[in-house]
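Spelled out from the first residue to the last, the chains are:
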Amino acid sequence: DAKTTQPNSMESNEEEPVHLPCNHSTISGTDYIHWYRQLPSQGPEYVIHGLTSNVNNRMASLAIAEDRKSSTLILHRATLRDAAVYYCILKGDSGAGSYQLTFGKGTKLSVIP
Amino acid sequence: NAGVTQTPKFQVLKTGQSMTLQCAQDMNHNSMYWYRQDPGMGLRLIYYSASEGTTDKGEVPNGYNVSRLNKREFSLRLESAAPSQTSVYFCASRLSGLKAGDTQYFGPGTRLTVL
């Protein structure tokens, strides 16, 4: 699976939108882009995933660049509960380690009241 | 539907002691995983089981053994605990494992301290 690059940390004011970037310049055509987050003292939880088109769900939106070399997780109105580490992960269907999700260090999002 | 459950939540061991961390899922998932997370770090895969009856090493398997007891349960054993194994351990499961679009579900974690 290809590698991703995320900022170490970001800050946002409460009730404002947050855009969390992820670069993945070596993404392959069959790699899905997954986002997970980890709240303090909890296990990671799924946020959203996509392949080519932008995706929306009740938690967030995922905007994928046309060349798929970058993506952005969008939280429309940050709440204090959104303070977490956000992981951007690429997952392919085949190759070595194809069963795994590989976690990097992610982006630590702080939400300011 | 409890999802992924782990026991115990906390454990303190002395160097050289052994213990087994238990994990169970009730989502009829085929693949199960054990990760460890050290302070300030991302998760690292210890072992995984792609399907019932199979297990494979991940990134950091040394000092651990696993057993896929049945489709629901996947245990992690520390035969002779060392201080370097002090960490938070997460179990996870996915429906297929191979399908890139599958979501992975995590348990709440076991906080292990080895003195």
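Residues numbered from 1 in each chain as written. Chains lettered and ligands numbered in written order. Predicted model: local features only at pLDDT ≥ 70, side-chain atom pairs only at ≥ 80, totals over all residues. Heavy atoms only, no water.

Caption draft 1: View of the packing of aromatic side chains. According to the stated counting rule, one finds 10 aromatic pairs over all chains in the structure shown. Ring geometry for A:Tyr36 versus B:Phe106: centroids 6.2 Å apart, planes at 80°, classification edge-to-face. Remark: B:Phe106 occurs in strand S10 (residues 104–106) and A:Tyr36 occurs in strand S3 (residues 32–38); the pair is interchain, linking two chains. With a centroid separation of 5.8 Å and an interplanar angle of 85°, the aromatic rings of A:Phe103 and B:Tyr35 are classed as edge-to-face. Of this pair, A:Phe103 sits in the loop between strand S8 (84–91) and strand S9 (107–112) while B:Tyr35 sits in strand S4 (residues 31–37), placing the two residues on different chains. One exposure class covers both A:Phe103 and B:Tyr35, and it is buried. Ring-pair connections join several aromatic residues into one group, and the members of that group are A:Tyr36, A:Tyr46, A:Tyr87, A:Phe103, B:Tyr33, B:Tyr35, B:Tyr48 and B:Phe106. (Phe/Tyr/Trp six-rings, centres within 6.5 Å; stacked < 30°, edge-to-face > 60°. Helix = DSSP H or I, 4+ residues; strand = E, 2+ residues; numbered from the N terminus. Buried < 20%, exposed > 50% of the residue type's maximum accessible area, 1.4 Å probe, protein only.)

Caption draft 2: A look at the sheet that holds strand S8 (residues 74–78) of chain B. Residues and elements named next belong to chain B. Pairing in this open sheet of 4 strands is antiparallel, and the strands run S1-S3-S8-S7 from one edge to the other. Edge positions in the open sheet fall to strand S1 (4–7) and strand S7 (64–68), since each of these has one partner strand only. Within this sheet the neighbouring strands show an average axis-to-axis angle of 20°, counted without direction. Alignment of S7 against S8, held across 5 bridges, turns out to be antiparallel. The residue bridging asparagine 65 from the neighbouring strand is arginine 77, located in S8. (Pairing = 2+ DSSP bridges. Axes fitted to C-alpha atoms, helices over the stretch in contact; angles between N-to-C directions.)

Caption draft 3: How the structure looks around the interface of chain B and chain A. Facing the 25 residues of chain B at the interface are 22 residues of chain A. Carbon and sulfur atoms supply 57% of the area that chain B and chain A bury against each other, a total of about 1800 Å² over both sides. Summed over the shared surface of chain B and chain A, the result is 0 salt bridges. Viewed at the interface, chain A and chain B are joined by 5 residue pairs in polar contact (both at pLDDT 80 or more). Taken together, the elements giving at least two residues each to the side of chain B that touches chain A come down to S4, strand S5 (43–49), strand S9 (87–94) and S10 of chain B. Ranked by residue count, the leading element in the side of chain B that touches chain A is S4(B), at 4 residues. (Contact = heavy atoms within 4.5 Å. Buried area = accessible area lost by both parts, 1.4 Å probe. Salt bridge = Lys/Arg side-chain N within 4 Å of Asp/Glu carboxyl O. Polar contact = N/O pair within 3.5 Å; in protein donor to acceptor, adjacent residues only side chain to side chain.)

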